[in-house]
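# Results of the structural survey
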Amino acid sequence: MAERGETCKVLVFDGCGLTTDDLYLLGRGETKIKLSDGSKELVEKAKEQVERIIKEKRVVYGINTGFGKFAKTIISTEKLGELQYNLIRSHAAGVGNPLSPERTRMLLALRINVLAKGYSGISLGVLQQYVDAFNASCLPWVPEKGTVGASGDLAPMSHLALGLMGEGQMWSKKTGWKEAKEVVPSLLYSPCYSECDFL
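My aim in this report is to walk through the structure given alongside it, one point at a time.

## As for the overall build of the protein
Along the protein, the regular secondary structure elements total 7 helices and 8 strands. Total accessible area computed for the protein in this model is approximately 10600 Å², and 53% of it derives from carbon and sulfur atoms.

Shown next as structure tokens:
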């Protein structure tokens, strides 16, 4: 659903209504993103479910276990944040030139759209930081080549998250390409993942 902002069009994301025409405008930087109220509720409910699993000490793959051959390794609660950080760092293994700002905007918009469905367990605060980064054209460095796993998108998605953690490189109109920790403060934007979050 589209709304008119003061200077540009605003698309309200609910995780379901994104079209290819919308994506084209988002890539060009002609449209900003806002989360729908319904999407916010779904995201919060999923995050609460993850928090219940942790509080009840239930063992759930990818929440409090390792991954792949370490799937049977239980991760202590105090290490869960570190687990999420290290998962992203280990998969941010792409190579080559960075995607253009236009393509990176599109990739970030697609990621926001998926997370807006409310299935991942990400916190609303971190998802809003994704939206804020998009709207400020504060874009992570995502290389053109390289991926990990059957899904085919783990490396590029990890590079997206890495920049939003304040690591790697980011681009903005104001700074060009710089270390993320230098670009992020210039946009009054705080690195995310201060808590345990699930992407």
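## A word on the side chain of Arg-105
Inspection of the secondary structure puts Arg-105 in helix H4 (residues 101-115). At 3.1 Å, the side chain of Arg-105 forms a polar contact with the side chain of Ser-137. Excluding anything up to four places from it in sequence, Arg-105 contacts Leu-26, Gly-27, Arg-28, Gly-29, Phe-134, Ser-137, Leu-139, Trp-171 and Lys-173.

## A word on the layout of surface pockets
As a volume, the second largest pocket reaches approximately 160 Å³. The wall of the second largest pocket is formed by Gly-66, Phe-67, Phe-70, Ile-75, Lys-79, Glu-82, Leu-83, Asn-86, Leu-87, Ser-90 and His-91. Of the residues contributing to the lining of the second largest pocket, the split by class is 5 nonpolar, 4 polar and 2 charged.

## Description of the pairing of strand S8 (residues 176-179)
Where strand S7 (residues 169-172) meets S8, 4 bridges bridge the pair, whose relative direction is antiparallel. Bridge pairing in S8 links Ser-172 to Gly-176. Between S7 and S8, which pair antiparallel in sequence order, lie 3 residues.

## Brief notes about a negative patch on the surface
A surface patch of like charges, here negative, comprises Asp-37, Glu-41, Glu-44, Glu-48 and Glu-51. Residue placement: Asp-37 occurs in helix H2 (residues 37-55).

## Digging into the pattern of salt bridges
Enumeration over the complete set of coordinates arrives at 4 salt bridges. Close ionic contact of Glu-82 with Lys-79 constitutes a salt bridge, the shortest N to O distance being 3.6 Å. Residue Lys-79 is classed as partly exposed on the basis of its relative accessible area, which comes to 42%. Among the ionic pairs, Glu-167 bridges to Arg-89, the shortest N-O distance being 2.6 Å. Placement of the pair is Glu-167 in the loop between helix H6 (154-164) and S7 and Arg-89 in helix H3 (residues 80-91), with a sequence separation of 78 residues.

## Some details on the sheet that holds S8
The strand order across the open sheet formed by 3 strands is S5-S7-S8, and the pairing between neighbours is antiparallel. Only two strands of the sheet have a single partner each, and these edge strands are strand S5 (139-140) and S8.

Cut-offs applied
- Residues numbered from 1 in each chain as written.
- Predicted model: local features only at pLDDT ≥ 70, side-chain atom pairs only at ≥ 80, totals over all residues.
- Heavy atoms only, no water.
- Helix = DSSP H or I, 4+ residues; strand = E, 2+ residues; numbered from the N terminus.
- Areas by Shrake-Rupley, 256 points an atom, 1.4 Å probe, with all protein chains shown as cover.
- Polar contact = N/O pair within 3.5 Å; in protein donor to acceptor, adjacent residues only side chain to side chain.
- Contact = heavy atoms within 4.5 Å.
- 1 Å grid on protein atoms, 1.4 Å probe; cavity = no way out; pocket = protein on both sides within 12 Å on 5 of 7 lines; lining within 4 Å.
- Points joined across faces, edges and corners; volume = space filled by probe spheres on them.
- Nonpolar A, V, L, I, M, F, W, Y, C, P; charged D, E, K, R; others polar.
- Pairing = 2+ DSSP bridges.
- Patch = residues over 30% accessible without salt bridge, like charges linked within 9 Å, V, L, I, M, F, W, Y side chains within 5 Å.
- Salt bridge = Lys/Arg side-chain N within 4 Å of Asp/Glu carboxyl O.
- Lys, Arg positive; Asp, Glu negative; His and termini not counted.
- Charge placed at Lys NZ, Arg CZ, Asp CG, Glu CD.
- Buried < 20%, exposed > 50% of the residue type's maximum accessible area, 1.4 Å probe, protein only.

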